[in-house]
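Here are the chains, one letter per residue:
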Amino acid sequence: LTRPAGQVPEGGYPLVVEAHGGPSYSFFEYYPGGKSWLISPAGALAYQGFALFRPNIRGSSGYGAEFTYANLADWGGGDFRDVMEGVGVLVDRGIADPKRLAIMGQSYGGYMAAWAVTQTDAFKAGIVVDGITDLTSDAFTTDIPHYMADNLGGFAWEHPGLYGARSPITNVRNVVTPTLLLHGENDPRVPLGQAQEFYAALKILKVPARLVIYPRAGHYPGETAQQLDLWEREIEWLLTYLGTPATPAAK
């Protein structure tokens, strides 16, 4: 948990939840200014008045093999419950304002952000960076074709119900959360079509949404100017829909 300096404001901080990629990656203690590929600029968010919660939900590495395999064939299940339980704890402790919650992530973390906004209206803003939104189409267009089968216990033709039910695009009609999609034009890992599918559906449903495509970028912008643009757009989206402790959010 990274939070602004000083005392917790009455009612709690506006809280940004970030889900990591992988899913077999993990968040750990490091200086956030030293890694150019960071999805969330923790210091800048704290400066703006946001608390940043980066949970190591089931499926993360670093806690033993059993924990890493705990979301096998269960994407959007126990991992999502872990996210919500962590948020609940921060709300109960008075650290997070339940009316000012946002979720973001990249790659599998982008999947988790997209999935979350299809499952709950608790989040007032969502940010999906290079995120998977259609498990079936991603499985057959990614540069690692066995990845989804390894994570979901088989190929889409073996488990069509699971692939369909756990895809954010299948559940997109439930979304009311304003959602920002940021994606690399030449992403081989999670092809651009994943963002385009979800964005098109949100527009049809008249949910506030924006799609930003970074030219030349792969599975995360590598150019400094694009990384800065991505962070600035994230902060702008959060300020618009969450406000700050002293500033109301947009209506």
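Worth saying up front: this structure is predicted, and the values here are computed from it rather than measured.

Asker: Which parts of the structure should I look at to understand the pairing of strand E1 (residues 13–19)?
Answerer: Across a regular strand the side chains alternate sides, sitting on one face of the sheet and then on the other. Within E1, seven of the seven residues are buried, which leaves it mostly tucked inside the rest of the structure. Relative to strand E3 (residues 96–106), E1 runs parallel, the two sharing six bridges. Following the sheet pairing, Leu15 is matched in E3 by Leu101. Sheet topology note: the E1/strand E2 (residues 51–53) ladder contains three bridges and is parallel. Bridged to Val16 within E2 is Leu52.

Asker: Would you mind showing me how to read the sheet that holds E1 here?
Answerer: In a beta sheet, neighbouring strands pair by backbone hydrogen bonds and run either parallel or antiparallel. The six strands lie next to each other as E2-E1-E3-E4-E5-E6, forming an open sheet whose pairing is parallel. Whereas interior strands pair on both sides, the edge strands pair on one side only; in this sheet they are E2 and strand E6 (209–214). Strand-to-strand twist in this sheet, taken as the mean axis angle between neighbours without regard to direction, amounts to 20°. With four bridges joining them, strand E4 (residues 125–129) and strand E5 (residues 179–184) adopt parallel strand pairing. Looking at E5, one finds that Ile127 is bridged to Leu180. Taken strand by strand, helix H8 (residues 193–204) contacts E5 and E6, and its axis lies near 155° from that of E6. Against the sheet, helix H9 (residues 224–242) touches E1, E3, E4, E5 and E6, its axis set at about 165° to E4.

Asker: Even after reading the chapter, I still don't get the packing of aromatic side chains, so can you show me in this structure?
Answerer: Two aromatic rings are characterised by how far apart their centres lie and by the angle between their planes. Considering all chains together, one arrives at 10 aromatic pairs under this definition. Aromatic pair Phe140 and Trp157: ring centres 5.9 Å apart, planes at 15°, arrangement stacked. Taken as a pair, Phe140 in the loop between helix H5 (135–139) and helix H6 (147–152) and Trp157 in the loop between H6 and helix H7 (160–165) lie far apart in primary sequence, 17 residues in all. Ring geometry for Trp237 and Tyr241: centres 5.0 Å apart, planes at 55°, overall tilted. With Trp237 and Tyr241 both in helix H9 and four residues apart, this pair spans about one turn of that helix. Residue Trp237 is classed as buried on the basis of its relative accessible area, which comes to 4%. For Tyr241, a relative accessible area of 23% gives the class partly exposed. Site record: aromatic cluster; members linked through ring pairs are Trp75, Tyr108, Tyr111, Trp115 and Tyr147. Above the face of the Phe27 ring, Arg54 is positioned so that its terminal group lies 5.7 Å from the ring centre.

Parameters at a glance
- Residues numbered from 1 in each chain as written.
- Predicted model: local features only at pLDDT ≥ 70, side-chain atom pairs only at ≥ 80, totals over all residues.
- Heavy atoms only, no water.
- Buried < 20%, exposed > 50% of the residue type's maximum accessible area, 1.4 Å probe, protein only.
- Helix = DSSP H or I, 4+ residues; strand = E, 2+ residues; numbered from the N terminus.
- Pairing = 2+ DSSP bridges.
- Axes fitted to C-alpha atoms, helices over the stretch in contact; angles between N-to-C directions.
- Contact = heavy atoms within 4.5 Å.
- Phe/Tyr/Trp six-rings, centres within 6.5 Å; stacked < 30°, edge-to-face > 60°.
- Lys NZ or Arg CZ within 6 Å of the ring centre and 35° of its normal.

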